[in-house]
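Coordinate inspection notes
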Amino acid sequence: MRNPLIKRIPRELRSDWHKYLVIIIFMVIMIGVISGMYVGHDSMLAAVYAGREELNLEDGSFELSKRGSSELLEDISSGEKADVRAYYIDKGNKEADKELDKYEDVPEEAYTKAHEEVVKKVDEKWDEVADRYNLNDEDFTPVPVTVYEHFYRELPEDFDNDGKEDATIRIYRSNSEIDKASFNEGRAPKDDNEIAIDRMHADNVGVHIGDTITVGEKKFEIVGLLSYVNYLTLHESNTDLMFDAFGFDVAMVTPEAFSSLRSRLHYSYAFKYNTRPSYKIEQADYSENFLKALITQTLVYDNEIEDYLPEYLRQASNFAVSDIEGDSVGTSILCYILIGVIAFIFAIIISNTIDKEASVIGTLRASGYSRWEMVVHYMSMPVVVTILGAIIGNVLGYTAFKDLAVYLYYNSYSLPTCHAVWSNTALIKTTIIPLLLMFFINLFVIVKKLQLSPLKFLRHDLVKTKRTKAMRLPRWSFLRRFRLRILFQNMPNYLVLIFGVIFIELMLCFAFGLPDSLTHYAKEAPDMMFAPYQYMLMDSRDEDGNTIETSESSAERFSMTTLLYPKEKSSFREGMGSGGDESVTVYGIDDDSSYILLEKPTKDGDAYISSAFARKFGLSEGDMITLNAEYENKTYEFKVTGIVDYDGGIAAFLHAEDFKEIFEEDDEEFSGFFSREEITDIDEQSIATVITSEDIVKVTTQLMHSMGNFMDVFKYALILLSASLIYLLAKIIIERNENSISMVKILGFKNSEIGRLYIIPTAIVVVLFSLVSFVIGYRLMIWIFHAFMLQMDGYFSFFMSPKSMVMSIVYLLIGYTIVSLIDFRRIRRIPLDVALKNIE
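A brief report on the enclosed structure follows. (Residues numbered from 1 in each chain as written. Predicted model: local features only at pLDDT ≥ 70, side-chain atom pairs only at ≥ 80, totals over all residues. Heavy atoms only, no water.)

Looking at the overall build of the protein
Heads up, the condition is: Helix and strand definitions here come from DSSP, where helices need a minimum of 4 consecutive H or I residues and strands a minimum of 2 consecutive E residues; each element is numbered from the N-terminal end. Think of it in three bands: residues with accessible area under 20% of the maximum for their type are buried, residues over 50% are exposed, and the middle band is partly exposed, with areas taken using a 1.4 Å probe on protein chains only. Contact between two residues is taken to exist if any of their heavy atoms lie within 4.5 Å; hydrogens are not considered. For accessible areas, the Shrake-Rupley method is used with a probe of radius 1.4 Å. Any residue's cover is judged against the shown protein chains and nothing else.
A count of helices and strands for the protein gives 23 helices and 20 strands. Here the protein holds 840 residues, and 52% of them are scored as buried. Counting contacts in the protein only where the partners sit at least 6 residues apart, residues at least 24 apart contribute 83% of the total. Accessible surface computed for the protein: about 40,300 Å², of which carbon and sulfur atoms make up 54%.

Have a look at this one:
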């Protein structure tokens, strides 16, 4: 015989369709948005990693002052060091012999003496060069590579053809064998007047396939929008603080068109290791050994290295990947919040359903149904609804919401076309965890509720505690006393409502606070700089080996290096996972610095840290910190001796003498200058980068551009979820008072009077506790944001503007106002016979 209880499920679904529809919408939005973010994130990373292999990404590149001969490239490919000393001695001897041959009857002793002088001079020069580049390293291991020509030209780009230069364009040949491009739209150029340009640059400046742009003095038709595997972000120089997709472009033309362009030809070569390094320290060792070989080989072939860059340090190919990998952190935080909300919703809905159907449960239990059969029956509807919401949410997550996430990535970076990939993370976090959470919470609540006897269910006696006398109320008007009585009788329901309002305010703080935090950081960041100008040098010595000096009176030397702080050392994060290591900039500061004040001298093992460092990891004076070198097996321990008021980054500060001793630097070695005025007397070739307030603004603008779009999506999704939650909570209060509402209708009260009796007390609770709930939600959001920042590089505090604070409360009250109108409509539809059917 079929179980008759099964027939109740579709009837219950029809009778309470609006409640279950809201739950399904809640589930669909939550699972769809978060699943879409995870799927888009995983799909994009999969496309990037696949492209690195398919498009033959380099392991590094170098540029020579003149085209390398086949012999030079062959020797470079071997990875062996050339005997530079022998080469220069032989060259010097030949020049000496040539000079002496001008004279007649030169004695043999003169040749010997001249050769000895050559050896002496070469040794002096060689010792200096060898020490500078550590060319006599006994641990040197040859690193064989395959070298590819990867020449390029740079020209002015006029994308609106108005005769003015709008950007710089870097052009490569379409037949390159290394660092190839994928096409988002269109195709590779085939004719000499065709060009393919970077897709993001095209989007930013508003040009499309079929448009014409001017490169140099020649017009080209755009036939393709591409993404170079080594230019996922448009960094014109690796030392640029932030990429510039407006003022810089990369492009592809045919070999014939490339040869016809009139501009300097950059003799750039890319290389790939014949045996790939397997981890970061090995990458650094490979790069260092290859560079030593490259230096010696170019010296003996009378060539010069203009630039050298290993791929693992290349911002243009790694910046976007690092940023995309970090985006999953924010999605995870949102996911955890919403899982908690779902758990809360299911707990109160199940409890309310059992209270509402107490008579039915009592009757069924008295008729012979076991407690387990009742548990299975009342578990079925939440399971069906949750699975339905999960299926629809995942379908949307892999389609519409995935496309939205990918669009947001495309709006930030020059990424290749991607296709949806299966995401285990999305399935586990957005479907399996909510389903398990729903199952066990419902099981716990139902089993606990069904512990009562059938007689208690029949009598609606579901309260385990003894009843107390009714509270004596003040001698107010009847309606005021009635409202107060309703308030006291529904106190448990209102406590649930208050708890729900806290959840709503938490979500609204998340929705409003993250964009505000980004905006606030963007506004404050320029004021966080140590100096108006910060010059980073390529080396502390120029090409002639002389220490770089400047006549600018406000210039002040500083030393700098970057180490890693292991995040698992943070007590705040204990048990939350490491999330990678934090980059810490360590500065060596002059004792009498006018830019960074260290109150007392540091001694061996002491260091000051920035206020951002201290707040992020909960550090204080006297704590010990351990910093690791990223590409070396070296560890440094410091005792925090003070905190510098600097929120612009995660940094540590040492006095210059301690810095040089700890990091084994020479007295005249340094990294750059702080300056209040622009420095004009240093050769541009010696400057790696200049950081000004404009660069900081560009960084924060890009941060807003990259993260702000995600925050907008989260904001609108969370507002919808908040409205759904307050609807469910208010509906539960009305449902639990159906008996009383029906009774007062029998007594002759009008619908408007009943609305004032039952809706106004709820409104008073919502209004009174909206401010308290905001404070609690705001404090919780600060804690959650801290956890979010712990998994990201850098730090800035959570911030909400006064306007956003007010708006988060206003949105709550507007949402409740709309829900109150729906509740009034629901009150009007409660029939009079409800009270007569449920007489206890």
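There's plenty left to go through after this.
Section: helix α4 (residues 84-100)
Applicable threshold: Any helix carries an expected span of 1.5 Å times its number of residues minus one. To be clear, the arc concerns the directions from the helix axis to the C-beta atoms.
With 17 residues, α4 extends 24 Å from end C-alpha to end C-alpha; this agrees with the ideal 24 Å at 1.5 Å per step. Taken together, the buried positions of α4 are occupied by V84, I89, G92, N93, A96 and L100. The buried residues of α4 all sit within an arc of 160° when viewed along its axis, so they share a single face. Across from the buried face of α4, at angles greater than 90 degrees, the exposed residues are K94, E95 and K98.

Considering a nonpolar patch on the surface
Put simply, the rule reads: Excluding any residue in a salt bridge, patches collect residues exceeding 30% relative accessible area, merging like charges within 9 Å and nonpolar Val, Leu, Ile, Met, Phe, Trp and Tyr side chains within 5 Å. By definition, a salt bridge exists where a carboxyl oxygen of Asp or Glu is found within 4 Å of a side-chain nitrogen of Lys or Arg.
Taken together, the side chains of I760, I764, L768, F769, V772, I776 and L780 define a hydrophobic patch exposed on the protein surface, amounting to about 560 Å² of accessible area. Topologically, I760 is positioned in helix α21 (residues 751-790). A residue is classified by how much of its surface remains accessible, and I760, at 31% relative accessible area, is partly exposed.

Notes on the nonpolar core
As a reminder of what qualifies: Only buried residues count toward a nonpolar core, which is a set of Ala, Val, Leu, Ile, Met, Phe, Trp, Tyr and Cys residues joined through side-chain atoms within 4.5 Å.
Of all hydrophobic cores here, the largest spans 100 residues; its most connected members are V586, F613, Y758 and M781. Examining the composition of this core, we find that 16 residues originate from one element, helix α16 (residues 491-524), more than from any other. Core analysis: the second largest hydrophobic core is formed by 36 residues, V143, F159, V253 and Y269 among them.

Some thoughts on the packing of aromatic side chains
Heads up, the condition is: Classification of ring pairs uses Phe, Tyr and Trp, with its six-membered ring standing for Trp, and accepts pairs whose centres are within 6.5 Å; under 30 degrees between planes counts as stacked, over 60 as edge-to-face, and the remaining range as tilted. When the NZ atom of lysine or the CZ atom of arginine is within 6 Å of a ring's centre and also within 35 degrees of its normal, the charge is said to sit over that ring.
Applying the stated criterion across every chain yields a total of 41 aromatic pairs. Ring geometry for F243 versus F319: centroids 5.7 Å apart, planes at 75°, classification edge-to-face. With F243 in the loop between β8 (218-228) and β9 (248-253) and F319 in helix α9 (residues 315-356), this pair connects stretches of sequence that are 76 residues apart. A relative accessible area of 3% means that F243 is categorised as buried. Since its relative accessible area comes to 23%, F319 is described here as partly exposed. Joined through ring pairs, the aromatic side chains of F62, F151, Y267, Y269, F271, Y273, Y286, F290 and Y308 make up one cluster. Sitting over the ring of F258, R153 keeps its end group 5.0 Å from the ring centre.

Brief notes about the pairing of strand β12 (residues 533-537)
Stated precisely, the cut-off is as follows: Pairing between strands is defined by DSSP: at least two bridges between the two strands are required.
Across the five residues that make up β12, a large majority, four, are buried. Two elements, β12 and strand β19 (residues 672-675), share four bridges in a ladder whose sense is antiparallel. Along β19, the bridge assignment pairs Q534 with F674. Across four bridges, β12 lies against strand β20 (residues 687-691) in antiparallel orientation. Counted as the bridge partner of Q534 is I691 from β20.

A few points about the pattern of salt bridges
Enumeration over the complete set of coordinates arrives at 16 salt bridges. For E63, the salt bridge goes to R264, with nearest N and O atoms at 3.1 Å. With E63 in strand β1 (residues 60-64) and R264 in the loop between α7 (255-260) and β10 (265-273), the pair connects residues that are 201 residues apart, well separated along the chain. Residues participating in the shared-partner salt-bridge network are R67, E149 and R173.

A closer look at helix α15 (residues 478-489)
Since the α-helix advances by 3.6 residues per turn, residues separated by three or four positions end up pointing in the same direction. Given a rise of 1.5 Å per residue, twelve residues ought to cover 16 Å, and the 16 Å separating the end C-alpha atoms of α15 matches this to within 8%. Along α15, the residues classified as buried are F482, R483, L484 and I486.

Some remarks on the environment of V744
As for its position among the elements, V744 is in helix α20 (residues 738-746). Classification of V744 by relative accessible area gives buried; the value is 4%. As a C-alpha pair, V744 and I754 span ten residues in sequence and 7.5 Å in three-dimensional space. Residues within four places of V744 in sequence aside, it is in contact with F482, F749, I754 and Y758.

Topic: the packing of α21 against helix α22 (residues 802-828)
Pairs of packed helices are described in terms of their axes, by the angle between the two and the distance that separates them. Keep this limit in mind: Axis geometry follows a simple rule: fit a line to the C-alpha atoms, using only the stretch in contact for helices, then measure angles between N-to-C directions, giving values from 0 to 180 degrees. An angle below 35 degrees is treated as roughly parallel, one above 145 as roughly antiparallel, one from 65 to 115 as roughly perpendicular, and anything else as oblique. Helix crossings are classified by the rotation of the near helix relative to the far one: an anticlockwise turn of less than a right angle makes the crossing left-handed, while a clockwise turn makes it right-handed. Ten residue types, Ala, Val, Leu, Ile, Met, Phe, Trp, Tyr, Cys and Pro, are classed as nonpolar, four, Asp, Glu, Lys and Arg, as charged, and the remainder, Gly among them, as polar.
Remark: α21 packs on α22, axes separated minimally by 10 Å, with the N-to-C direction vectors making an angle of 155°. Taken together, the axes of α21 and α22 lie roughly antiparallel to each other. Here the hand of the crossing between α21 and α22 comes out right-handed. Among the residues making up the contact of α21 with α22, the classes are represented as 16 nonpolar, seven polar and two charged.

Topic: a negative patch on the surface
Note the cut-off: Working convention for charge: Lys and Arg count positive, Asp and Glu count negative, and His plus the chain ends are omitted. Here the site of a charge means atom NZ of a Lys, CZ of an Arg, CG of an Asp or CD of a Glu.
A surface patch of like charges, here negative, comprises E304, E306, D307, E543, D544, D683 and E684. Note that D683 resides in the loop between β19 and β20. Owing to a relative accessible area of 47%, D683 belongs among the partly exposed residues under this scheme.

Some details on the pairing of strand β14 (residues 581-589)
Pairing analysis gives nine bridges linking strand β13 (residues 556-566) to β14, with the strands arranged antiparallel. Residue pairing in the sheet places F558 in a bridge with I589 of β14. Sheet topology note: the β14/strand β18 (residues 651-655) ladder contains five bridges and is parallel. Within β18, the residue paired with V586 across the bridge is A652.

Quick look at the environment of E116
You can see E116 is positioned in helix α5 (residues 108-133). A sequence separation of 23 residues divides E116 from N93, and the C-alpha atoms of the two residues are 9.0 Å apart.

A few points about unusual backbone geometry
Positive phi, close to 55°, is recorded for N161, a residue that is not glycine. Structurally, the position occupied by N161 is in the loop between β3 (152-158) and β4 (167-173). Not every positive phi belongs to a glycine, and D302 is a case in point at roughly 55°. Mapped onto the fold, D302 is located in the loop between α8 (280-300) and β11 (305-310).

A short note on the environment of L450
For L450, the position within the fold is in the loop between α13 (424-449) and α14 (454-458). Overall, L450 belongs to the buried group, its relative accessible area being 1%. Residues L450 and L462 lie twelve residues apart in sequence; the distance between their C-alpha atoms is 9.7 Å. Apart from the residues lying within four places of it in its own chain, the contact partners of L450 are I361, R371, M374, V375 and F457.

Some thoughts on the packing of helix α2 (residues 17-54) against helix α11 (residues 371-397)
It is the contact of α2 with α11, at a shortest axis distance of 7 Å, that shows an interaxial angle of 40°. With respect to the hand of their crossing, α2 and α11 are arranged in right-handed fashion. Here α2 contributes Y20, I23, I24, M27, V28, I31, G32, S35, G36 and V39 to the contact with α11, which in turn contributes M381, V385, T386, L388, G389, A390, I392, G393, N394, L396 and G397. For the contact of α2 with α11, the class distribution of residues is 13 nonpolar, eight polar and no charged.

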